[in-house]
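Architecture and fold: a report
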Amino acid sequence: MDFLEQFLHNPIKYSIPVFFLLIGIELLVDRRRKLHLYRFNDAITNLSCGIGQQVIGIFMKVFTVGAYAWLYEFSPFKGQIPTTWWSVLLLFIGVDFFYYWFHRLAHEIAVLWGSHVVHHQSEEYNLTVAVRQAWLQGAFSWVFYLPLALLGFEPLLFVSIAGFQTLYQFWIHTKTIGKLPAPIEFIFNTPSHHRVHHGVNPKYIDRNHGGTLIIFDRMFGTFQAEEEKVVYGITKPANSWNPLWVNFEYWLGLFKDALTADRWSDKARILFKQPGWYPDALGGVQQPKEVTPETFHKYNTRTPRGLNRYVLLHFALLLPATIAFLFKFKDFSFGMNVGLTGLIIFTLVNLGGILEGKRWVFTMEIVRLLALTSAIGMLMQGNPLFLPAVFTLLLLVIASVIWLGRYRWMLTDRQEKPGRLVGEKERVQKS
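Rules used in this analysis
Residues numbered from 1 in each chain as written. Predicted model: local features only at pLDDT ≥ 70, side-chain atom pairs only at ≥ 80, totals over all residues. Heavy atoms only, no water. Helix = DSSP H or I, 4+ residues; strand = E, 2+ residues; numbered from the N terminus. Buried < 20%, exposed > 50% of the residue type's maximum accessible area, 1.4 Å probe, protein only. Contact = heavy atoms within 4.5 Å. Areas by Shrake-Rupley, 256 points an atom, 1.4 Å probe, with all protein chains shown as cover. Lys, Arg positive; Asp, Glu negative; His and termini not counted. Charge placed at Lys NZ, Arg CZ, Asp CG, Glu CD. Phe/Tyr/Trp six-rings, centres within 6.5 Å; stacked < 30°, edge-to-face > 60°. Lys NZ or Arg CZ within 6 Å of the ring centre and 35° of its normal. Salt bridge = Lys/Arg side-chain N within 4 Å of Asp/Glu carboxyl O. Core = buried A, V, L, I, M, F, W, Y, C linked by side-chain atoms within 4.5 Å. Patch = residues over 30% accessible without salt bridge, like charges linked within 9 Å, V, L, I, M, F, W, Y side chains within 5 Å. Axes fitted to C-alpha atoms, helices over the stretch in contact; angles between N-to-C directions. Parallel < 35°, antiparallel > 145°, perpendicular 65-115°, else oblique. Left-handed = near helix turned anticlockwise from the far one by under 90°. Nonpolar A, V, L, I, M, F, W, Y, C, P; charged D, E, K, R; others polar. Expected span 1.5 Å × (residues − 1). Bend = angle between axes of the 7 residues up to and from the residue. pLDDT = per-residue confidence, 0-100. Polar contact = N/O pair within 3.5 Å; in protein donor to acceptor, adjacent residues only side chain to side chain.

**Examining the overall build of the protein**
- Within the protein, the regular secondary structure consists of 18 helices and two strands.
- On the principal axes, the C-alpha backbone points of the protein span a range of 60 × 55 × 55 Å.
- Split into buried and exposed, the 431 residues of the protein put 50% on the buried side.
- When contacts within the protein are restricted to residue pairs at least 6 apart in sequence, long-range pairs at least 24 apart make up 75% of them.
- Here the protein displays about 21,100 Å² of accessible surface, and carbon together with sulfur accounts for 67% of that area.
- With 41 positive and 31 negative side-chain charges, the protein shows a spacing of 8 Å between the two charge centroids.

So this is what it looks like as structure tokens:
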């Protein structure tokens, strides 16, 4: 399989270096203009969610893409649609159309909102938010694209177009680009339109669901232009830097609320009506409140600079290792892939725990570092660099334990800051 075909199979994976290049450029613009677009803890959590989504996705795609390919075999139009400019254009419009409906319903149906809410939890708006994706969204969204398989659009072409549609949405997660010329703003999703989509302002909630195009929002009555200043986040914040918790806390709360309702009909409505719907006995429908950047309370925790540097170092070590795993996972057994995915998730959870000052993280970091050494040792058996690699990792373990141990007295749940008023230009945490 040549590079072009590999790229078409998974354009997201091959674009990861470009993502980080653009994030770096936005950081430079941010520092030069003093825009204060980034907070270290928030950005790390965004990137951690993206890493988790990618590694979990290697298991999910076997099912989701497999279902599309299986249904394609039963299409009466199988093999009848040539790959030409017009078929690519039709498929592009089709992908964007069905993405619009999944995206819209994921905002309007509570249980589906749980598969998408992670993307909206960040209370900042920068390019790292683009990669903050829910780990199980693909388990729900794939169903919406199945009509394209029945219409006879070839699976590889579908995967490629869907990948490029996702790539397009990366650059619109920025505050550094204002409104574009009117013809572009009328047809395409732009940073201005998507800022609205991420707003928690009541007039902005559940608006601008388009992926690449904004025309379906205009057609189906969900368009809203950017007017007042956008406040970012969700109406009920997750208040956590733990990527595992932020992926499942909404569902846990939702099902708990459903169990609390007395009538079965109300239990079903809590799950399938809009987020925030409750029967009168549980307080009734929760309406979003008016907010402004000056009054909105952002979740934040104060972490010593030394711990921030510890998190940054281990995240910097994890990132290339994860990219290598994404490229090489087909060479490993299923069990090895499960183990390495678990180790990656373990690392992300621990780094989030450090940012929150959790008391359990010191012990769990020692366990993780020893598990990492063991995993690298197994992977490198028979390699002439085996002994140097294991020795280097053992040094890393010792240095990390000493480093983290200096701050152990701070790792207590009592050190958490549940959030405080943060002005948009206030530096709440130094990276």
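**Things to note about the packing of aromatic side chains**
- Taken as a whole and assessed by the stated rule, the structure comprises 22 aromatic pairs.
- Between Tyr 310 and Trp 403, the ring centres sit 5.4 Å apart and the planes meet at 90°, which makes this aromatic pair edge-to-face. Of the two residues, Tyr 310 is situated in helix 15 (residues 305-328) and Trp 403 in helix 18 (residues 386-405); the sequence distance between them amounts to 93 residues.
- Three or more aromatic residues joined by ring pairs make a cluster, and in this case those are Phe 97, Phe 98, Tyr 100, Trp 101, Phe 216 and Phe 220.
- Taking the ring centre of Phe 223 as reference, the NZ or CZ of Arg 218 above it sits at 4.0 Å.
- When the ring centre of Trp 264 is taken as origin, the NZ or CZ atom of Lys 267, which lies over that ring, is 5.5 Å away.

**Quick notes on the pattern of salt bridges**
- What the rule picks out here adds up to eleven salt bridges.
- Its salt-bridge partner being Lys 358, residue Glu 356 comes within 3.9 Å of it at the nearest N-O pair. Each member of the pair, Glu 356 together with Lys 358, is buried.
- Residue Glu 365 is joined to Arg 368 by a salt bridge in which the shortest nitrogen-to-oxygen separation is 2.5 Å. Taken together, the positions of Glu 365 and Arg 368, both in helix 17 (residues 361-379) and three residues apart, correspond to about one turn of that helix. Comparing Glu 365 with Arg 368, the two get one shared label, buried.
- One salt-bridge network, held together by shared partners, links Arg 39, Glu 124 and Lys 298.

**Quick look at the nonpolar core**
- Judged by nonpolar contacts, the single largest core of 68 residues is most densely connected at Leu 254 and Ile 354.
- With ten residues, helix 3 (residues 40-72) is the single largest residue contributor to this core.
- Dropping the residues within four chain positions of it, Ile 354 is found in contact with Thr 303, Leu 307, Tyr 310, Val 311, Val 361, Glu 365 and Leu 404.
- If you look at the next biggest cluster of nonpolar residues, it comprises 19 residues, including Ala 67, Tyr 68, Tyr 145 and Ala 149.

**Here we look at a nonpolar patch on the surface**
- Together, Trp 85, Trp 86, Leu 89, Leu 90 and Ile 93 make up an exposed nonpolar region whose accessible area comes to about 540 Å².
- By the element assignment, Leu 90 lies in helix 4 (residues 85-108).

**What about the packing of helix 15 against helix 16 (residues 334-356)?**
- Running from N to C, helix 15 and helix 16 point in directions that differ by 160°, and their axes come no closer than 10 Å. By the angle class used here, helix 15 and helix 16 are roughly antiparallel. Two packed elements cross with a definite hand, and for helix 15 against helix 16 that hand is left-handed. Every residue of helix 16 that contacts helix 15 at Leu 307, Asn 308, Tyr 310, Val 311, His 314, Phe 315, Leu 318, Thr 322 and Phe 325 is listed here: Asn 337, Leu 340, Thr 341, Ile 344, Thr 347, Leu 348, Leu 351, Ile 354 and Leu 355.

**Considering unusual backbone geometry**
- Phi at Asp 206 is positive, roughly 60°, even though this residue is not glycine.
- By the secondary structure assignment, Asp 206 is in the loop between helix 11 (191-197) and helix 12 (215-220).
- Positive phi outside glycine occurs at Asn 208, with the angle close to 60°.
- In this structure, Asn 208 sits in the loop between helix 11 and helix 12.
- On the accessibility criterion, Asn 208 (0% relative accessible area) is buried.

**Concerning the packing of helix 15 against helix 18**
- Between helix 15 and helix 18, the shortest axis-to-axis distance is 10 Å and the interhelical angle comes to 155°. Considering the angle they form, helix 15 stands roughly antiparallel to helix 18. As for the relative orientation of helix 15 and helix 18, their crossing is left-handed in sense. Within the contact between the two elements, helix 15 uses Gly 306, Leu 307, Arg 309, Tyr 310, Leu 313, His 314 and Leu 317 and helix 18 uses Leu 396, Ser 400, Trp 403 and Leu 404.
- Across the contact of helix 15 with helix 18, the residue classes tally to seven nonpolar, three polar and one charged.

**A look at helix 2 (residues 11-33)**
- Its 23 residues place the ends of helix 2 32 Å apart at the C-alpha level, agreeing with the 33 Å of an ideal helix rising 1.5 Å per residue.
- A maximum bend of about 40° is found in helix 2 at Pro 17.
- Along helix 2, the residues classified as buried are Pro 11, Ile 12, Lys 13, Tyr 14, Ser 15, Ile 16, Phe 19, Ile 23, Glu 26 and Asp 30.

**Quick word on the confidence of the model for the protein**
- When pLDDT is averaged along the protein, the result is 91; 94% of the residues meet or exceed 70.
- This stretch, residues 414-431, has a pLDDT under 50; its non-local contacts, to residues over four places away or in other chains, come to 47 contacts.

**What about the environment of Gly 357?**
- Structurally, Gly 357 can be placed in the loop between helix 16 and helix 17.
- The spatial distance from the C-alpha of Gly 357 to the C-alpha of Tyr 407 is 9.6 Å, given a sequence separation of 50 residues.

**Comments concerning the environment of Ser 48**
- Relative to the helices and strands, Ser 48 resides in helix 3.
- Put simply, Ser 48 and Ser 15 are 33 residues apart on the chain and 17 Å apart in space, counted from C-alpha to C-alpha.
- If we ignore the near neighbours within four places in the chain, the residues touching Ser 48 are Trp 135, Pro 243, Phe 315 and Leu 348.
- Among the polar contacts made by the side chain of Ser 48, one reaches the main-chain carbonyl oxygen of Ile 44 at a distance of 2.8 Å.

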